[in-house]
Number of protein chains: 2
Amino acid sequence: MTESAHMSGEAFRKHAHELIDWIIDYQEKRVDQLPVLSQAAPSDILKQLPVDPPESGEPFEAMMADVDRIILPGITHWQSPNFYAFFPANTSYPAILGELLSAGLGVQGMLWATSPACTELETRVMDWLSSMLGLPGRFRSTSSGGGVIQDSASSASLCAMLAARERITEGVSNRVGIERPLVAYTSSHAHSSVEKAAGIAGIGRKNLRLVDADETFAMRVDRLEEAIRRDKAEGRMPFFVSATVGTTSSNGIDPVPEIGELCRREGLWLHVDAAMSGTAALCPEFRFIHEGVEFADSYCVNPHKWMFTNFDCDAFFVADRGALIRALSILPEYLRNQATESGAVIDYRDWQVPLGRRFRALKLWFVIRHYGVKGLRLHVRRHVELAQRFRSWVEADPSFELAAPAPLNLVCFRHRGGDDVNRQLLDRLNQGGDLYLTHTVLDGKVTLRLCVGQTRTEDQHVEAAWERIRDLGRTLS
Amino acid sequence: MTESAHMSGEAFRKHAHELIDWIIDYQEKRVDQLPVLSQAAPSDILKQLPVDPPESGEPFEAMMADVDRIILPGITHWQSPNFYAFFPANTSYPAILGELLSAGLGVQGMLWATSPACTELETRVMDWLSSMLGLPGRFRSTSSGGGVIQDSASSASLCAMLAARERITEGVSNRVGIERPLVAYTSSHAHSSVEKAAGIAGIGRKNLRLVDADETFAMRVDRLEEAIRRDKAEGRMPFFVSATVGTTSSNGIDPVPEIGELCRREGLWLHVDAAMSGTAALCPEFRFIHEGVEFADSYCVNPHKWMFTNFDCDAFFVADRGALIRALSILPEYLRNQATESGAVIDYRDWQVPLGRRFRALKLWFVIRHYGVKGLRLHVRRHVELAQRFRSWVEADPSFELAAPAPLNLVCFRHRGGDDVNRQLLDRLNQGGDLYLTHTVLDGKVTLRLCVGQTRTEDQHVEAAWERIRDLGRTLS
């Protein structure tokens, strides 16, 4: 066997076993000890990597040595129990096994025919998820709608906007371009992906209205209504509203029932982005977040954020799959096949931007079956409980204040010492390596965000985080 | 430990070892024996999957039993040595190890700061690939350009079109929408993703001109020039040409040098789509396919097709990263960080449609280091040699004819008995399960395609394929 040959099964087994041990050691021991935010400076990693590719093959041991020596210091540890930044991207062993099986099968599921199981398992698991989250029946594949796994909520926003554009222009925008200005709406606290989508889809970012929010950082429906009226009066065509259930910045929850009624009255497509917070609806006591979702034309939640499923796995649902498919379908001769022509199957390539697709349903199937609905509820409840404990400490400390309502697992707070103190607090905390927080600006003030959602975050981690924040706050003010 | 708890490290090790054995057994023994094209009928898989999700957790053994019993009969085996359909999506053990490590680290590399190693390893490996394929220096990160991993060539086409739209309209299209009809061009044999991108980007599918091809299925530059002249005369704005190096349908190679000179003269963005065939440029003797690529503004090749790297891994290069970033960047408060503001780092979220990203560079790094450039060349050469042997058998048999030039690893051919015979031949071959071929239509005639590129395809497989095709042809005519 030469080094340029394929790796033998025997060698693969050996390296895989070592790698499995490496992963267990990383997830259960090392990740706690490493600085959460990588302390690398720009080019630190790059300059250790050879400028030229190797002419001859190298042993796998050399690569794993470089993973430890070069790569690991350049990792920001999303799987650390002390990761509270942005939104979580939690994982679990069942999900990792799902990714491994997907890689071992090496299936490309662009068409039903290119692996019926890849399509049909996805359909079933999306229907499961829809029922687990109490979503309306029309999002099921057995009705007029259905679910599909996208890479991210950004792509879900784009696909929703494209389907909405298709519906309002009756296909004209897709065929010949946008003939009359279309206008979309979202709250000023919504995720930037809506603005990105408006640019991509040729709507124009300026034709996305960022509607004012109220004191809970939820969209103001009166302002939305005014904006729609003004745009119509000025000859533009309102077509799309993206409401958020749990904004990235502060976990604001838009009033979906009122927005939904307005959208129905005005004939606008309503997309509901529940990327992180939708997972909370697994628990009946948090299902209030889905009030009004029955008005939605589309909806998304990310099991890759808070449901122990490795990135990428965004679950995107539509009430009318027809509009989505008309916006994205393509059928060249070389993809024609009997199953597609029969109309009896789903070809998910027509539900997304890319053509190809990995077998991503496996990991979500493994997660749901490993935990069961009860198990998932248990862990989600636990995360909310931990965040609520943190919130109570903030509220009880006179040096700190809560900056937003914090209904679930994200707590926005600030030191009362002003922006400079909060900026210093954030930098010192993150440079210390014990934990990783990110910030936002609320009511014009620098605000810290602590989001609980990593798989291994427990009481002692959140307690230590609070002690560290509180003590550092004392030295700064 | 209850069933709803996280899986223990011990249990993970056990199940992972079993799964590794399963994968070795699948890839080295079972996959040869199973019908390549799944013989499942619509809903065969779906109806075996419970309608409701499990309330309580299940043991992992139950899932693996279902993988064997329910999922496997619904798999079309892309990793079979007898898979000759579409384009390959080959894998390798080093790539699977890369996917496993990526899943175990669970990193989300949207920003440089969210894992510097995820960004910097990608930058280095893209530069390696650019040099391995003899691409122009301006595609390197050390120049004005750079490479990025996209999920697919479809997304690369879309990003190229968005960057081109940005450049020609000086940002207006992104900000306020498309004010004057923009026109794009590709050959009538190009991939459908270009049309899909034109729809998504608000250009309008009708504003994509499908330029006639010559007898080798390559774009006719005289027709392209005419089309551009006519569009300009009629007040539209030509802005984008997508040339293909190795079309999906027939491996046609567009005359990139002539197209490139025309694009430069007219100020049009030139994208070169070398999704499958670009890999051939690893070998000096096939590097002729990259003639003229020095004119390109962007280029893509898919290591996930023919370079032993698991899907998804499309390598997308731009000569001027500025246009791409202006088209796709977004910077909300909650993503602001010192590294980004310093301008000293790459944030790959601004090079793609989604915000989030997996650590996909690991698998490509492992593949290049395991095989070395020499090893990759060896296997690519072997595939081309096998396809050329098949081609010689077709040419020598009076019942068959070659339908296109077949310069590399894709052979388009047909039985001389006419469309019905070829359709029957295809259906009978695929239903038989011994191999999987797909078709196209060339010169108005049904044409079979045999594409050699799977990791384990050897002489005996291609020989057996030819014997099966030849013998079945005899019984049908």
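Residues numbered from 1 in each chain as written. Chains lettered and ligands numbered in written order. Predicted model: local features only at pLDDT ≥ 70, side-chain atom pairs only at ≥ 80, totals over all residues.

### Let's talk about the confidence of the model for chain A
1) Next: Overall, the predicted model of chain A reaches an average pLDDT of 96, with 99% of residues at or above 70.
2) Next: Both confidence scores are given for the complex: pTM 0.97, ipTM 0.97. (pLDDT = per-residue confidence, 0-100.)

### Description of the relation of the copies chain A and chain B
1) Next: Take chain A, turn it by 180 degrees, move it 0.0 Å along the axis, and it overlays chain B with an RMSD of 0.0 Å. Those values place the two copies in the arrangement expected of a two-fold rotation axis. (Least-squares fit on C-alpha atoms with pLDDT ≥ 70 in both.)

### Looking at the pairing of strand S2 (residues 182-187) of chain A
Residues and elements named next belong to chain A.
1) Next: Most of S2 is tucked away, with 6 of its 6 residues classed as buried.
2) Next: Along S2, one buried face is formed by Leu-182, Ala-184 and Thr-186 and the opposite face, lined by Val-183, Tyr-185 and Ser-187, is buried too.
3) Next: As defined by bridge partners, S2 adjoins strand S4 (residues 237-244) across 5 bridges and the pair is classed as parallel. Bridge assignment links Val-183 to a residue of S4, and that residue is Pro-238.
4) Next: By the bridge criterion, 4 bridges tie S2 to strand S3 (residues 208-211) in an arrangement that is parallel. Note on S3: the bridge partner recorded for Thr-186 is Leu-210.
5) Next: Taking the sense of rotation as the criterion, the β-α-β connection linking S2, helix H7 (residues 193-200) and S3 turns out right-handed. (Buried ≥ 20, exposed ≤ 12 C-beta atoms within 10 Å, placed from the backbone. Helix = DSSP H or I, 4+ residues; strand = E, 2+ residues; numbered from the N terminus. Pairing = 2+ DSSP bridges. Right-handed = clockwise from strand over helix to strand, strands pointing away.)

### Some details on the sheet that holds strand S10 (residues 438-442) of chain B
All names here are of chain B.
1) Next: Spatially, S8-S9-S11-S10 is the arrangement adopted by the 4 strands of the open sheet, whose pairing is antiparallel. The open sheet has two free edges, formed respectively by strand S8 (400-402) and S10, since each of these has just one partner strand. Each neighbouring strand pair of the sheet contributes to a mean axis angle of 40 degrees, computed without reference to strand direction.
2) Next: For strand S9 (residues 410-415) and strand S11 (residues 445-451), the ladder comprises 4 bridges, and the chain directions are antiparallel. Among the inter-strand pairings, Phe-413 is bridged to a residue of S11, identified as Leu-448.
3) Next: Contacts between helix H13 (residues 361-396) and the sheet are confined to S8, S9 and S11, with S9 contributing the most and set at about 20 degrees to the helix. (Axes fitted to C-alpha atoms, helices over the stretch in contact; angles between N-to-C directions. Contact = placed C-beta atoms within 7 Å.)

### Observations concerning the interface of chain A and chain B
Frequently, the measure chosen for interface size is the accessible area removed from exposure when the parts meet.
1) Next: Facing the 125 residues of chain A at the interface are 126 residues of chain B.
2) Next: Of all the elements, helix H1 (residues 9-33) of chain A adds the most residues to the side of chain A that touches chain B, at 12 residues.
3) Next: In terms of residue class, the side of chain A that touches chain B is made up of 62 nonpolar, 42 polar and 21 charged. (Nonpolar A, V, L, I, M, F, W, Y, C, P; charged D, E, K, R; others polar.)

### Things to note about the sheet that holds strand S7 (residues 314-318) of chain B
Residues and elements named next belong to chain B.
1) Next: Spatially, 7 strands are ordered S1-S7-S6-S5-S4-S2-S3 in an open sheet, and the strand pairing comes out mixed. Lying at the two open borders of the sheet, with one neighbouring strand each, are strand S1 (146-150) and strand S3 (208-211). Averaged over all neighbouring strand pairs, the angle between strand axes comes to 20 degrees, with direction disregarded.
2) Next: Against the sheet, helix H4 (residues 116-132) engages S1 and S7, with an angle of about 110 degrees to S1.

### Section: the packing of helix H3 (residues 93-105) of chain A against helix H3 (residues 93-105) of chain B
1) Next: Where H3 of chain A contacts H3 of chain B, the axes come no closer than 9 Å and their chain directions differ by 160 degrees. Relative to H3 of chain B, the element H3 of chain A lies roughly antiparallel. Our pair here, H3 of chain A against H3 of chain B, has a crossing hand that is right-handed. Two secondary-structure elements touch here, H3 of chain A through Ile-96, Glu-99, Leu-100, Ala-103 and Gly-104 of chain A and H3 of chain B through Ile-96, Glu-99, Leu-100, Ala-103 and Gly-104 of chain B. (Parallel < 35°, antiparallel > 145°, perpendicular 65-115°, else oblique. Left-handed = near helix turned anticlockwise from the far one by under 90°.)

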